[in-house]
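Letter by letter, the chains look like this.
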Amino acid sequence: MARHDSEMKEECLREDLKFYFMSPCEKYRARCQIPWKLGLQILKIVMVTTQLVRFGLSNQLVVAFKEDNTVAFKHLFLKGYSGTDEDDYSCSVYTQEDAYESIFFAINQYHQLKDITLGTLGYGENEDNRIGLKVCKQHYKKGTMFPSNETLNIDNDIELDCVHLDLQDLSKDPPDWKNSSFFRLEFYRLLQVEISFHLKGIDLQTIHSRELPDCYVFQNMIIFDNKAHSGKIKIYFDSDAKIEECKDLNIFGSTQKNTQYVLVFDAFVIVICLASLILCTRSIALALRLRKRFLNFFLEKYKRPVCDTDQWKFINGWYVLVIISDLMTIIGSILKMEIKAKNLTNYDLCSILLGTSTLLVWVGVIRYLGYFQAYNVLILTMQASLPKVLRFCACAGMIYLGYTFCGWIVLGPYHDKFENLNTVAECLFSLVNGDDMFATFAQIQQKSILVWLFSRLYLYSFISLFIYMILSLFIALITDSYDTIKKFQQNGFPETDLQEFLKECSSKEEYQKESSAFLSCICCRRRKRSDDHLIPIN
């Protein structure tokens, strides 16, 4: 009787395991179980993508408004601005007269802003809750300099002097503020002059999209940089736009109704994602219970533990991916609703959450394609080659970092693409992909023959090493895994403890091998010998 109960328990466990590893279509044919999760995921893909597209179009208006205002500010406040930045700075001056004129021009333009601007702009309060300009200058404390005698006497302590010019000071006639001692600059010890002011604006273009407009605060700063004392003062313009809640919006028409429809749609997306989250969490909980039953039974019957890969097969990584995606979509949708209602203004965080969640949703579609053998090759190849590729990239990364540091320290003073570590890494990555090679060779300055010769040796060796050797080996690793997968698909995948247990009952039809069984051969005792010795860099 006890033996009969044991056999019944084993058969029940086997049937539950078979059902767990079936595809949604197989589950429907076996027990007529409707694939709710599959249908919900398809609906979620449509809903989330539609939500993202609508939010992306709205976000484009925000970005365009910020960029257009920044360009307008440069034309308004920078004297002689050509419309194109000279480098990382906007423009430059070379004489004392031009420096004074540029400073006074920016101040006068601020005073006459409402008479000359085409935008919907107004004056804003600065950090001191005052409306007006704040002008600060940094200079060395004291010193004398005689270049003709090669004599320098300087106190390198830096002093900061500031003055606030409100609208009343700027409206005085004659403008006595120009004659104040503050604007008598001693250029030999001047480091920089900084003009800061706040402006407010309203983005009315969103009304055409039937959305409530945003109110902006532009924190503008003009910096006259003379730290190099090279005879050239670089002028930087920086504008930081912050979206704030509008205090009083009275808009009549269809805009309010459209906003309500969008909020209802976002709420429906949250409900769909919440249902998906609950179903996937429930599936993982049931899988863990089934895993515990199998581990206990296997240990009791065969007196040995199940290999790690078989244990991990009960944890469906796709469900984990869906749960993460659902959580990000729910949080992002809540932020989007608050932004739509003008209670929050954090577009960047909302974009990251919604964009990443949509990415994960579409990546999750691969799971359903994996049920077809013709489409499953990509997944299996990526999974099989991932450990080898990571080890290979770790070794190649050391060489890459070496070239990055070397190029930065040697070629940085002579080449724009090697000025800092970030641009060096980006330049080298572009070279690996065959982009912009000739321009990189041609832009090196020939001020030093030794550096020019080194740059040729550096670039030729890097391109030859990474394109002809490292990149080829990288592709070979993936190709080798692909060939192995194709061979296993023809001859059968190595069987694991779990699969053999499911095949023991001969009265049932033969269990369809899971495609992911190839990965199980890595750690199970029935696996074939690893081919890691084929990797050139171990």
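Residues numbered from 1 in each chain as written. Predicted model: local features only at pLDDT ≥ 70, side-chain atom pairs only at ≥ 80, totals over all residues. Heavy atoms only, no water.

(A) Seen up close, the overall build of the protein chain. Counting its regular elements, the protein chain contains 17 helices and seven strands. Counting all 538 residues of the protein chain, 41% fall into the buried class. Contacts in the protein chain between residues at least 24 apart in sequence constitute 71% of all its contacts with a sequence separation of at least 6. Accessible surface, the protein chain: about 30,900 Å² in total, of which carbon and sulfur atoms supply 58%. (Helix = DSSP H or I, 4+ residues; strand = E, 2+ residues; numbered from the N terminus. Buried < 20%, exposed > 50% of the residue type's maximum accessible area, 1.4 Å probe, protein only. Contact = heavy atoms within 4.5 Å. Areas by Shrake-Rupley, 256 points an atom, 1.4 Å probe, with all protein chains shown as cover.)

(B) Highlighting a nonpolar patch on the surface. A grouping of Met398, Ile399, Leu401, Phe405, Trp408, Ile409 and Leu421 is seen on the molecular surface, where their side chains present a nonpolar patch of about 660 Å² in accessible area. Here Trp408 lies in helix H12 (residues 373–411). Judged by relative accessible area, which is 34%, Trp408 ranks as partly exposed. (Patch = residues over 30% accessible without salt bridge, like charges linked within 9 Å, V, L, I, M, F, W, Y side chains within 5 Å. Salt bridge = Lys/Arg side-chain N within 4 Å of Asp/Glu carboxyl O.)

(C) Layout of the environment of Leu360. Mapped onto the fold, Leu360 is located in helix H10 (residues 347–363). The residues touching Leu360, leaving out its near neighbours within four places in the chain, are Leu321, Ile324, Ser325 and Met328.

(D) Highlighting the packing of helix H9 (residues 317–340) against H10. Between H9 and H10, whose axes approach to 8 Å, the crossing angle comes to 150°. Taken as axis vectors, H9 and H10 run roughly antiparallel relative to one another. For H9 against H10, the interelement crossing comes out left-handed. In this structure, H9 uses Trp318, Leu321, Ile324, Ser325, Met328, Thr329, Ile331, Gly332, Ser333, Leu335, Lys336 and Ile339 to contact H10, whose residues at the interface are Tyr347, Leu349, Cys350, Ile352, Leu353, Leu354, Thr356, Ser357, Leu360, Val361 and Val363. (Axes fitted to C-alpha atoms, helices over the stretch in contact; angles between N-to-C directions. Parallel < 35°, antiparallel > 145°, perpendicular 65-115°, else oblique. Left-handed = near helix turned anticlockwise from the far one by under 90°.)

(E) Just unusual backbone geometry, in detail. Of note, the phi angle at His229 is positive, near 50°, even though the residue is not glycine. You can see His229 is positioned in the loop between strand E6 (214–225) and strand E7 (233–244). The class for His229 is partly exposed, based on a relative accessible area of 31%.

(F) The pairing of E7, seen in detail. Side chains Ile233, Ile235, Phe237, Ser239, Ala241 and Ile243 of E7 all project onto a buried face; the interleaved residues Lys234, Tyr236, Asp238, Asp240, Lys242 and Glu244 project onto a face where none is buried. For strand E1 (residues 91–93) and E7, the ladder comprises three bridges, and the chain directions are antiparallel. Paired with Cys91 across the strands is Ile235, a residue of E7. The sheet contact formed by E6 and E7 spans eleven bridges and is antiparallel. (Pairing = 2+ DSSP bridges.)

(G) Inspection of the packing of aromatic side chains at higher detail. Evaluation of the coordinates by the stated rule reveals 24 aromatic pairs. Look at Tyr110 and Phe197: their rings are 5.3 Å apart centre to centre, the planes differ by 55°, and that puts the pair in the tilted class. Placement of the pair is Tyr110 in helix H4 (residues 96–111) and Phe197 in strand E5 (residues 190–203), with a sequence separation of 87 residues. For Tyr110, a relative accessible area of 0% corresponds to the buried category. You can call Phe197 buried: its relative accessible area is 1%. (Phe/Tyr/Trp six-rings, centres within 6.5 Å; stacked < 30°, edge-to-face > 60°.)

(H) Up close: empty space enclosed by the protein. One pass over the full model with this rule turns up three cavities of 30 Å³ or more. Each pocket or cavity is described by its volume, and for the largest cavity that value is around 110 Å³. Every residue lining the largest cavity is counted, 13 residues in all, and those nearest its centre are Gln41, Val322, Val361, Gly364 and Val365. Secondary-structure elements contributing two or more residues to the lining of the largest cavity are helix H3 (36–77), H9, H10 and helix H11 (365–369). Sorting elements by how many residues they give to the lining of the largest cavity places H9 first, with four residues. Tallied by class, the residues present in the lining of the largest cavity amount to eight nonpolar, three polar and two charged. Around the second largest cavity, the lining residues are Pro213, Asp214, Cys215, Ile243, Glu244, Glu245, Cys246, Ile339, Lys342, Leu344 and Thr345. Looking at the lining of the second largest cavity, the elements with two or more residues in it are E6 and E7. Counted by class, the lining of the second largest cavity contains six nonpolar, one polar and four charged residues. (1 Å grid on protein atoms, 1.4 Å probe; cavity = no way out; pocket = protein on both sides within 12 Å on 5 of 7 lines; lining within 4 Å. Points joined across faces, edges and corners; volume = space filled by probe spheres on them. Nonpolar A, V, L, I, M, F, W, Y, C, P; charged D, E, K, R; others polar.)

(I) Spotlight on the side chain of Lys44. Its place among the elements puts Lys44 in helix H3. Within the structure, the side chain of Lys44 is placed 3.1 Å from the side chain of Gln41, a separation counted as a polar contact. Sequence-distant contacts of Lys44, defined by excluding residues within four places in its chain, comprise Ile272, Cys273, Ser276, Val322, Asp326 and Val361. (Polar contact = N/O pair within 3.5 Å; in protein donor to acceptor, adjacent residues only side chain to side chain.)

(J) Representation of the pattern of salt bridges in the model. Across all of its chains, the model carries five salt bridges by this definition. Taking the shortest distance from any N to any O, the salt bridge between Arg189 and Glu186 comes out at 2.3 Å. Measuring nitrogen to oxygen at the nearest pair gives 2.9 Å for the salt bridge that ties Asp266 to Lys336. Residue Asp266 is located in helix H7 (residues 255–302), and its partner Lys336 is located in helix H9; the two are separated by 70 residues in the primary sequence.

(K) Quick peek at the UniProt feature "transmembrane region" (unreviewed entry) in the protein chain. Feature annotation in UniProt places "transmembrane region" (unreviewed entry) on residues 261–288, 318–335, 347–369, 389–411 and 457–478, given in this structure's numbering. Here residues 318–335 is 100% helix and 0% strand, with 26 Å between the C-alpha atoms at its ends. (UniProt positions renumbered as here; feature names shortened; annotations may be inferred.)

(L) Main features of H9. Counted at 1.5 Å a residue, the expected span for H9 with its 24 residues is 34 Å, and the 34 Å between its end C-alpha atoms agrees. Phi turns positive, to about 65°, at Lys342, one or two residues after H9. (Expected span 1.5 Å × (residues − 1).)

(M) Local environment of the side chain of Ser90. Looking at the secondary structure, you find Ser90 in the loop between H3 and E1. Setting aside residues up to four positions removed in sequence, Ser90 forms contacts with Lys74, Leu78, Tyr81, Thr84, Asp85, Ile235 and Phe237.

(N) The nonpolar core, seen in detail. Within the largest apolar cluster, 51 residues are counted, with the highest numbers of intra-cluster contacts made by Phe77, Ile103, Ile107, Phe183, Ile195, Leu199 and Ile222. Non-local contacts of Phe77, meaning those with residues more than four positions away in its chain, are made with Phe105, Ala106, Gln109, Tyr110, Leu113, Phe197, Leu199, Ile222 and Phe237. Val424, Cys427, Leu431 and Ile470 belong to the second-largest nonpolar core, a separate cluster that totals 22 residues. (Core = buried A, V, L, I, M, F, W, Y, C linked by side-chain atoms within 4.5 Å.)

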